[in-house]
Amino acid sequence: MMDAQQQQPALSGDNNTATAPTTTTKTPIQTATSSATAAAPTSTSDAASSSSNSSSSAPSASPPSSTTSPSAAPPTTTTSTSTTTTTTSASSTAAATSSSSSLSSSSLVPAVGRPKPKGGFFLSRVWSWWGEERNKFVTGQHKCYFDNNASTPLDPEVQREMSRILTSMYGNASSLHTYGREARGVIDSARCSIASILGCSPHQLTFTSGGTEANNTVVKGVWMHALLHGNPRLGKSAQPGFKGHIVTSAIEHDSILGSCMQECLCRDGRVKVEDIIAAIRDDTVLVTVMHANNETGAVQPIKEIAAACKERGILMHTDLVQSFCKLPVNVQELGVDFATITAHKINGPKGCGALFWRGVVSSDSTPTAAAHIIVEGIDPLGGWFPLIYGGHQERELRSGTEAVHQIAGFALAAKLAHARMTSEFSRLQALRAKLISGISAIDSTAFFSEASPDHQLPGTVNVTFPGQEGIKLLAGLDCYEICVSIGSACTADRIEPSHVLLGMGLTVAEALSSIRISMGCTTTVADIDYFLHVLPIILRGYPPTFAWLDPKHLDASRLASTFVCDVRFSFERLTAPSAPGAHEFSFVDFDRYFDSVPWDREVILMCTTGIMSFSAGYRLAAAGHPQVRVVFGGYAAWKALHGNLLTGAPSLSSSVEPNAKPMTSSTPSTAPTQTPTTKTNQD
């Protein structure tokens, strides 16, 4: 066992020298024993390694010597039952047990895991808790969620309220019996609560499945109505060949850009009112600009744009998803005709949003439904068509049975977020200043895409590291359980530059070198300290045994001589079969499969695009595996070159050796054992 430990390449420290021998343990779920790792292999000519691989390794990190508590306690708390564990070096363990002050020199490596004890559920839970607490003490590692602009953790109070309604109010809100009336009461109460925060009448609010549906409803609904009726606000009827024209900005969410035809570029993250005015044409039917950008946090001059649109008889829509309950927002003061909001950005449930429509107000102050007017043959001033038909729910503006528990959760989340909005704004401003200052001290070349302080969301930081790759920074930080983003989460399955950053004038290389750090009510000073401590290590490079593999080199002979891991989603494998002989794993918590991966052979990982396999491969290489390759471009790129191997090709098999001993030389084995392709529990 000592020989095996001595052969394992340890992650180096700040001086890039080898650390003490390490032992690697497995995850607490589905595995019980660990395998030793092996020495680093010689490089292969066809493995396209990063330029930093030849000069830098993946050094260990240590927690800051001291951390401070946040100035204000987070309004909400979340409980995480993590099963993530760490690989601990012998030297750091000894240091941790001798003195708590010596934690600053302990070795911190990506999570790998520990064995699961035999026994009942209770014993497993106790063991898991003890292991996590022990690893936190030894390494100082903890989870940091910096992707709150993509989604936020559900507030425990909101969760309890939703659970209560799920179990006690299961009636259809459209039914006339008691259960139905109770459900209707919950929806009406939620509508009033959210409307009071938005500054509108409850009748002007329509519940949807989220911001994307609400955005599409406005853009497509207004445009389709204009094709049939023209622009009645300007007294113009539809003419033959009329196509309509929608003005938006280049920083919008994909749910807007995917429905629009013209963009106004911005340079500093804020849209200029004069650019919007200049883009308006005779056939313009709608202007849509988001209030706060999801990638940079820049706040737009919506009130001024809305006023310009009103003067010209053009409908105005704004996306309030990122600013709702984070900034003071009143739709009457903004002067917009449409606005969209969602719940999961404010610690509420996913799958629930709302659409504000100013509407054509009748004598009883109730907005007239567009559907009613269409049926009666009356053309409203600036009308629109609903996106979903079929029932009478939401005054026929959005058909479908209402999700009572989600709507109730939305209302409660909005109430809680609005109550803490002022104090949370100041707290996040302080955290943002600390984060920006720390990043600038670590990398003087880094620059930030942001607006002026008076027009900036405090929880969003978009930073560019010249010469780095954002996707590799994301994967490296993820190994230390730090969650960031390389762009909008809705486009996270594609490696391409952010359209928002390109719209602001960044080059493609700069946009691909950027990451987004978005904070929320659960972010603490300790999270910032931990991020700033790990960042320098990630910026140094990747594990020396990690490299990219050009898909053209993964031919039949390479498939037969290596261990290929297919980490695509299960549904993707149903429509596109795995490469011959590939072993199917889930990329989710890939660490738990380390014992099923042979440590004496080259391991090649492949997902659909290369993103998920990169993250999994990084973890495997950081844990000490001697030969890890990730197919650049993923399964799609490989299939385009070797699709013939999927048609009637014989199954190329390879052996699965969960407890394979580490190799004693740098040359990989090329004689696989003939066994069937292995499928591991997926996703």
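Below is a summary of the structure that appears in this document.

The rules behind the values
- Residues numbered from 1 in each chain as written.
- Predicted model: local features only at pLDDT ≥ 70, side-chain atom pairs only at ≥ 80, totals over all residues.
- Heavy atoms only, no water.
- Phe/Tyr/Trp six-rings, centres within 6.5 Å; stacked < 30°, edge-to-face > 60°.
- Buried < 20%, exposed > 50% of the residue type's maximum accessible area, 1.4 Å probe, protein only.
- Helix = DSSP H or I, 4+ residues; strand = E, 2+ residues; numbered from the N terminus.
- Lys NZ or Arg CZ within 6 Å of the ring centre and 35° of its normal.
- Pairing = 2+ DSSP bridges.
- Axes fitted to C-alpha atoms, helices over the stretch in contact; angles between N-to-C directions.
- Parallel < 35°, antiparallel > 145°, perpendicular 65-115°, else oblique.
- Left-handed = near helix turned anticlockwise from the far one by under 90°.
- Contact = heavy atoms within 4.5 Å.
- Nonpolar A, V, L, I, M, F, W, Y, C, P; charged D, E, K, R; others polar.
- Core = buried A, V, L, I, M, F, W, Y, C linked by side-chain atoms within 4.5 Å.
- Polar contact = N/O pair within 3.5 Å; in protein donor to acceptor, adjacent residues only side chain to side chain.

**Some remarks on the packing of aromatic side chains**
- Evaluation of the coordinates by the stated rule reveals 19 aromatic pairs.
- Relative to Phe-546, the ring of Tyr-542 lies with its centre 6.5 Å away and its plane at 50 degrees, an arrangement referred to as tilted.
- On the basis of relative accessible area, Phe-546 is assigned to the buried category, the value being 2%.
- Ring geometry for Phe-614 against Tyr-618: centres 6.2 Å apart, planes inclined by 65 degrees, an arrangement best described as edge-to-face. Of this pair, Phe-614 and Tyr-618 are both found in helix 20 (residues 611-622), 4 residues apart, which corresponds to roughly one turn of the helix. Both residues of the pair, Phe-614 and Tyr-618, belong to the buried class.
- Three or more aromatic residues link up through ring pairs in this structure, and these residues are Tyr-542, Phe-546, Trp-548, Phe-614 and Tyr-618.
- A cation sits over an aromatic face here: Arg-568 above Tyr-635, 3.9 Å from the ring centre.

**Considering the pairing of strand 8 (residues 338-342)**
- Of all 5 residues making up strand 8, 5 are buried, and the element is well covered by its neighbours.
- Relative to strand 9 (residues 353-357), strand 8 is paired through 5 bridges, and the arrangement is antiparallel. Bridged to Phe-338 within strand 9 is Trp-357.

**Things to note about the packing of helix 13 (residues 421-442) against helix 17 (residues 525-540)**
- Running from N to C, helix 13 and helix 17 point in directions that differ by 20 degrees, and their axes come no closer than 10 Å. As the angle between them shows, helix 13 and helix 17 are arranged roughly parallel. Both helix 13 and helix 17 take part in a crossing whose hand is right-handed. Residues Leu-431, Lys-434, Leu-435, Gly-438, Ile-439 and Ile-442 of helix 13 pack against Val-525, Ile-528, Asp-529, Phe-531, Leu-532, Leu-535, Pro-536 and Leu-539 of helix 17.
- Considered class by class, the residues forming the contact of helix 13 with helix 17 number 11 nonpolar, 1 polar and 2 charged.

**A word on the nonpolar core**
- Of all hydrophobic cores here, the largest spans 58 residues; its most connected members are Ile-439, Ile-517, Phe-531 and Phe-590.
- In this structure, Phe-590 is in contact with Cys-565, Val-567, Phe-585, Val-597, Leu-605, Ala-616 and Leu-620, ignoring residues within four places of it in sequence.

**Some words on the environment of Thr-288**
- The residue Thr-288 is located in strand 6 (residues 284-288) in this model.
- A residue is classified by how much of its surface remains accessible, and Thr-288, at 0% relative accessible area, is buried.
- In sequence terms Thr-288 and Val-219 are 69 residues apart; their C-alpha atoms lie 8.1 Å from each other.
- One polar contact links Thr-288 to His-317, side chain to side chain, over a distance of 2.7 Å.

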